[in-house]
Amino acid sequence: MLLAGALLSACATSYPPAPVAAADSEYNYVIGPGDNVNIVVWRNAELSLSVPVRPDGKITTPLVEDLPALGKDSSTLARDIEKALSKYIRDPVVTVIVTGFVGPYSEQIRVVGEAANPQVLQYKQKMTLLDVMIAVGGITDFADGNGATILRTTEGNKQYSVRIRDLIKRGDVSANVEMRPGDVLIIPQSWF
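Residues numbered from 1 in each chain as written. Predicted model: local features only at pLDDT ≥ 70, side-chain atom pairs only at ≥ 80, totals over all residues. Heavy atoms only, no water.

## A closer look at the side chain of aspartate 166
Then comes step 1: Positionally, aspartate 166 belongs in helix H4 (residues 164–169).
Then comes step 2: The exposure class of aspartate 166 is buried, given its relative accessible area of 11%.
Then comes step 3: Discounting residues that sit within four places of it in the chain, aspartate 166 has contacts with Asn146, Gly171, Asp172 and Ala175. (Helix = DSSP H or I, 4+ residues; strand = E, 2+ residues; numbered from the N terminus. Buried < 20%, exposed > 50% of the residue type's maximum accessible area, 1.4 Å probe, protein only. Contact = heavy atoms within 4.5 Å.)

## What about the pattern of salt bridges?
Then comes step 1: For the structure on display, the rule yields ten salt bridges.
Then comes step 2: As a salt-bridge pair, aspartate 56 and arginine 54 come within 3.0 Å of each other at their nearest N and O atoms.
Then comes step 3: Residue classification places aspartate 56 among the partly exposed residues on the basis of a relative accessible area of 44%.
Then comes step 4: Residues glutamate 82 and arginine 79 are paired through a salt bridge, measuring 2.9 Å at the closest nitrogen-oxygen approach. With a gap of three residues between them, glutamate 82 and arginine 79 both fall in helix H2 (residues 74–85), about one helical turn apart. (Salt bridge = Lys/Arg side-chain N within 4 Å of Asp/Glu carboxyl O.)

## Observations regarding the pairing of strand S1 (residues 36–41)
Then comes step 1: Taking every second residue as pointing to the same face, the buried face of S1 carries Val37, Ile39 and Val41, while none of Asn36, Asn38 and Val40 on the other face is buried.
Then comes step 2: When S1 meets strand S2 (residues 49–52), the two strands line up antiparallel, connected through four bridges. Its bridge partner lying in S2, isoleucine 39 is registered against leucine 49.
Then comes step 3: The sheet contact formed by S1 and strand S5 (residues 94–99) spans six bridges and is antiparallel. Counted as the bridge partner of asparagine 36 is threonine 99 from S5. (Pairing = 2+ DSSP bridges.)

## Considerations on the nonpolar core
Then comes step 1: By size, the foremost hydrophobic cluster in this structure holds 46 residues, and its most contacted members are Val37, Ile59, Leu185 and Ile187.
Then comes step 2: The set of elements that each furnish at least two residues to this core consists of S1, strand S4 (64–68), H2, S5, strand S6 (109–113), helix H3 (129–136), H4 and strand S10 (184–187).
Then comes step 3: The greatest single-element share of this core, amounting to five residues, is contributed by H2.
Then comes step 4: Residues within four places of valine 37 in sequence aside, it is in contact with Ile31, Leu49, Ser50, Val51, Val53, Ile59, Leu77, Val96, Ile97 and Val98. (Core = buried A, V, L, I, M, F, W, Y, C linked by side-chain atoms within 4.5 Å.)

## Focus on H2
Then comes step 1: Look at H2: 16 Å from first C-alpha to last across twelve residues, which is about the 16 Å you get at 1.5 Å a residue.
Then comes step 2: For H2, the secondary structure elements touched by its buried residues are S1, strand S3 (58–61), S4 and S5. (Expected span 1.5 Å × (residues − 1).)

## Description of the sheet that holds S6
Then comes step 1: Reading across the sheet, the five strands line up as S7-S6-S10-S8-S9 and stay open at both edges, with mixed pairing between neighbours. Taken across any chain shown, the strands that pair with only one partner, and hence form the sheet edges, are strand S7 (120–121) and strand S9 (158–161).
Then comes step 2: In this structure, S6 lies alongside S7, joined through two bridges in antiparallel fashion. Looking at the pairing, arginine 110 lines up with valine 120 of S7.
Then comes step 3: Where H3 meets the sheet, it contacts S6, S7 and S10, and its direction lies at approximately 65° from that of S10. (Axes fitted to C-alpha atoms, helices over the stretch in contact; angles between N-to-C directions.)

## Looking at the packing of aromatic side chains
Then comes step 1: According to the stated counting rule, one finds two aromatic pairs in the structure shown.
Then comes step 2: Ring centres of tyrosine 27 and tyrosine 123 lie 5.1 Å apart, and the angle between their planes is 80°; on these two criteria the pair is classed as edge-to-face. Residue tyrosine 27 is found in the loop between helix H1 (2–11) and S1, and its partner tyrosine 123 is found in the loop between S7 and H3; the two are separated by 96 residues along the sequence. For the pair tyrosine 27 and tyrosine 123, a shared accessibility class is recorded, and that class is buried.
Then comes step 3: Centre to centre, the rings of tyrosine 29 and phenylalanine 101 are 5.1 Å apart; their planes meet at 90°, and the pair counts as edge-to-face. Taken together, the residues tyrosine 29 in the loop between H1 and S1 and phenylalanine 101 in the loop between S5 and S6 connect sequence positions 72 residues apart.
Then comes step 4: Judged by relative accessible area, which is 47%, phenylalanine 101 ranks as partly exposed. (Phe/Tyr/Trp six-rings, centres within 6.5 Å; stacked < 30°, edge-to-face > 60°.)

Keep in mind these numbers describe shape, not what the thing actually does.
What follows is the structure, given as structure tokens:
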């Protein structure tokens, strides 16, 4: 029995606890494939429309074909459209409003393993572990919730331990941590 305990402890990798605060106050949403953008060209209603961002990250509008939108914020995209339209319109004024948020793949939160409904979630500023668990419907009966980890891609794939079972089953809010864009939440299966 002692040997089995030693083997289990040798197999278990210990990660540092996830930092409680992780959100970046300077975060700006960037456009990703699947987002919809409303383009308003002042005094040119025929050029104002809503278009989806294609899987290749580009948009097409009247007079502007295959303009890259991926990874840009709405203001930057508006300036790019103004520049493209300036060949046809004198001093165009463009406003871009992003709707139908999906975001770039690199910023989406992935939940894998023993979540009730593993999925990809769009990152939102100040999103927490509790928000993620509500979105995926909690954990399965077979989950090792306190053995879960966050793989933080923005920190070179550094892993942090999190206590999901304490958070959602015991109501321990000290186990709630902020998520970052691109985090992967890994919920392993329990051995017992």
